[in-house]
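Each chain, letter by letter, is given below.
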Amino acid sequence: DLSLSASTTLKRTGTIEVAPDGALIARDAVTRRNYFGYADALGDWIVWAEIDNAFGRVVSLDVLVRKGSGLSDAVLNGRFNVLGYLEFNRENLADTIYGNISFNGRGAYFDFQFRDSFGNQIPPNLNQQKCTVSSDGVVTFYGDINATGYVTRTSGRRWLVVPEVRPDTSIRIYFVTSR
């Protein structure tokens, strides 16, 4: 219900409780809503969902990635695993994809290939395409993936989150992890 531009900031006020295993509950003091999810040990990312208590279903999913510094194209180097969620507007369908993508550490991605949840192979794209990583971790993709995402600041287990909205066809979110 809220679309943010690159120059907009969404602020939440409240409390967060994190258990030793990373499970968390965030209590928003303004909306009086509770969010349940997980955080990594270094605080590089948080994923939480808002539950509609009346119907017991998830009504929103937030993925937060801590802002980095001193990052560059070099942080995306090698093969990464991909999990994606797709919602197709026209057909009113949802699907998941999984696969991999390769980065060369010099601002290019290539060799990405996926399968959908039914096992159908999505043809690989072997053409090298451009991407850039800003010093604070904003990743901009050009070419087949025309989206902006965010990469974690630490390299121990690199995460990349890429939301992509194609107004005429679909809403997608990709979770990409180093192998």
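These lines cover the structure that appears in this document, whether it is placed above or below.

**Regarding the overall build of the protein chain**
In step 1: Helices and strands together make up the secondary structure of the protein chain, namely zero helices and 14 strands.
In step 2: In sequence order, the protein chain lays out its α and β elements as β-β-β-β-β-β-β-β-β-β-β-β-β-β.
In step 3: Scored against the burial criterion, the 179 residues of the protein chain give a buried share of 38%.
In step 4: Contacts in the protein chain between residues at least 24 apart in sequence constitute 31% of all its contacts with a sequence separation of at least 6.

**Observations regarding the packing of aromatic side chains**
In step 1: Scanning the model with the defined rule gives six aromatic pairs in all.
In step 2: With a centroid separation of 6.0 Å and 75° between ring planes, the pair formed by W159 and F175 is classed as edge-to-face. Of the two residues, W159 is situated in strand β13 (residues 159-166) and F175 in strand β14 (residues 170-178); the sequence distance between them amounts to 16 residues. A single burial state applies to W159 and to F175, both of which are buried.

**Quick look at the side chain of D62**
In step 1: Among the structural elements, D62 can be located in strand β5 (residues 57-65).
In step 2: Separated by 2.7 Å, the side chains of D62 and W48 make a polar contact.
In step 3: Contact partners of D62, with chain neighbours within four places excluded, come to R12, Y35, I46, V47 and W48.

**Thoughts on the nonpolar core**
In step 1: Core analysis: the largest hydrophobic core is formed by 23 residues, its most contacted members being L76, I101, F103, Y109, F141, V151 and L160.
In step 2: Of all the elements in the fold, those that place two or more residues in this core are β6 (77-88), β7 (93-104), β8 (108-116), β10 (129-133), β11 (138-141), β13 and β14.
In step 3: Setting aside chain neighbours within four positions, we find V151 in contact with V65, L71, V75, L76, V133, G137, V139, R158, W159 and L160.

**Side note on the layout of surface pockets**
In step 1: Counted as a void, the second largest pocket has a volume near 240 Å³.
In step 2: Looking at the second largest pocket, it is lined by 13 residues, and the ones nearest its centre are F114, I122, R166, R172 and Y174.
In step 3: Within the residue set of the lining of the second largest pocket, elements represented by two or more residues are β6, β8, β9 (121-125) and β14.
In step 4: Among the elements that line the lining of the second largest pocket, the one with the most residues is β9, at three residues.
In step 5: A class-by-class count of the residues in the lining of the second largest pocket yields nine nonpolar, one polar and three charged.

**Notes on empty space enclosed by the protein**
In step 1: The full count for this structure, using the stated rule, is one cavity of 30 Å³ or more.
In step 2: Space inside the largest cavity adds up to approximately 80 Å³.
In step 3: Looking at the largest cavity, the residues that line it are V82, I101, F103, F114, F141, I145, L160, V162, Y174 and V176.
In step 4: Those elements that provide at least two residues to the lining of the largest cavity are β7, β13 and β14.
In step 5: Classifying every residue of the lining of the largest cavity by side-chain character gives 10 nonpolar, no polar and no charged.

The rules we used
Residues numbered from 1 in each chain as written. Predicted model: local features only at pLDDT ≥ 70, side-chain atom pairs only at ≥ 80, totals over all residues. Heavy atoms only, no water. Helix = DSSP H or I, 4+ residues; strand = E, 2+ residues; numbered from the N terminus. Buried < 20%, exposed > 50% of the residue type's maximum accessible area, 1.4 Å probe, protein only. Contact = heavy atoms within 4.5 Å. Phe/Tyr/Trp six-rings, centres within 6.5 Å; stacked < 30°, edge-to-face > 60°. Polar contact = N/O pair within 3.5 Å; in protein donor to acceptor, adjacent residues only side chain to side chain. Core = buried A, V, L, I, M, F, W, Y, C linked by side-chain atoms within 4.5 Å. 1 Å grid on protein atoms, 1.4 Å probe; cavity = no way out; pocket = protein on both sides within 12 Å on 5 of 7 lines; lining within 4 Å. Points joined across faces, edges and corners; volume = space filled by probe spheres on them. Nonpolar A, V, L, I, M, F, W, Y, C, P; charged D, E, K, R; others polar.

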